[in-house]
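So the chains spell out like this:
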Amino acid sequence: MGTVRILRVYEEPDPGEFRVLVDRLWPRGVSKDRIDRWLKDVAPSAEVRNAFGHVPEHFEAFVRDYTAELKANAAVDQLRVLAASHEKVVLLYGARDHQQNQAAVLLDFLQSTAG
């Protein structure tokens, strides 16, 4: 696996980065040419996402619930294939919070289960 990092979808990726949107919903005002692949199935379920609601106090439960979903999610394998076939991958998300979002949880999950 090459390097993988996260970035808000409205920010500019580095040249040569393969851009993967990991949100279930397409972000407003973003044209399709800014995204190389949309893996909406790797995003948290509506139930888990809505329970979090971007409320900081709910983040710990969100991490637990989303991680449990990722363990049984076939889309994670698709993401691993993409990461293995590109030197630099950036996981794009729409949330305003740079630390408490699904892309951060997903990146931690990928790194902790790499092998």
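Note: the structure precedes this text.
Residues numbered from 1 in each chain as written. Predicted model: local features only at pLDDT ≥ 70, side-chain atom pairs only at ≥ 80, totals over all residues. Heavy atoms only, no water.

Novice: Just checking my understanding: could you explain helix α4 (residues 102–112) for this structure?
Specialist: Residue pairs three or four apart in sequence face the same way in an α-helix, which turns once every 3.6 residues. Here α4 lies mainly inside the structure; eight of its 11 residues are buried. Buried positions along α4 lie against β1 (3–8), α2 (59–71), α3 (75–85) and β4 (88–93). Looking at where α4 begins, the residue whose side-chain oxygen comes 2.9 Å from the main-chain nitrogen of A103 is N101. (Buried < 20%, exposed > 50% of the residue type's maximum accessible area, 1.4 Å probe, protein only. Helix = DSSP H or I, 4+ residues; strand = E, 2+ residues; numbered from the N terminus. Contact = heavy atoms within 4.5 Å. Polar contact = N/O pair within 3.5 Å; in protein donor to acceptor, adjacent residues only side chain to side chain.)

Novice: Looking at this structure, I do not really get the layout of surface pockets. What am I missing?
Specialist: Which parts of space are left empty comes out when a probe the size of a water molecule is rolled across the atoms. The calculated volume of the largest pocket comes to roughly 590 Å³. Along its surface, the largest pocket is lined by 20 residues, and D23, L25, H54, G94 and A95 are the ones closest to its centre. Partitioned by chemical class, the residues of the lining of the largest pocket number nine nonpolar, four polar and seven charged. (1 Å grid on protein atoms, 1.4 Å probe; cavity = no way out; pocket = protein on both sides within 12 Å on 5 of 7 lines; lining within 4 Å. Points joined across faces, edges and corners; volume = space filled by probe spheres on them. Nonpolar A, V, L, I, M, F, W, Y, C, P; charged D, E, K, R; others polar.)

Novice: Explain the pattern of salt bridges to me, please; I cannot follow it from the model alone.
Specialist: What the rule picks out here adds up to six salt bridges. Notably, a salt bridge pairs E12 with R34, separated by 2.8 Å at the nearest N-O pair. Pair noted here: E12 is in the loop between β1 and β2 (18–21) and R34 is in the loop between β2 and β3 (37–38), with a separation of 22 residues, a long-range link. For the salt bridge of R64 with D65, the shortest nitrogen-to-oxygen distance reads 3.1 Å. We classify R64 as exposed; its relative accessible area is 55%. (Salt bridge = Lys/Arg side-chain N within 4 Å of Asp/Glu carboxyl O.)

Novice: Help me out: how do you make sense of the sheet that holds β4 in this one?
Specialist: Where strands meet in a sheet, backbone hydrogen bonds hold them as pairs that are either parallel or antiparallel. Judged by pairing direction, the sheet is parallel, and its four strands sit side by side in the order β1-β4-β2-β3 without closing on themselves. Pairing within the sheet leaves two strands with one partner each, and these edge strands are β1 and β3. Bridging between β1 and β4 involves six bridges; their strand directions are parallel. Considered in β4, the bridge of I6 is made with L91. (Pairing = 2+ DSSP bridges.)

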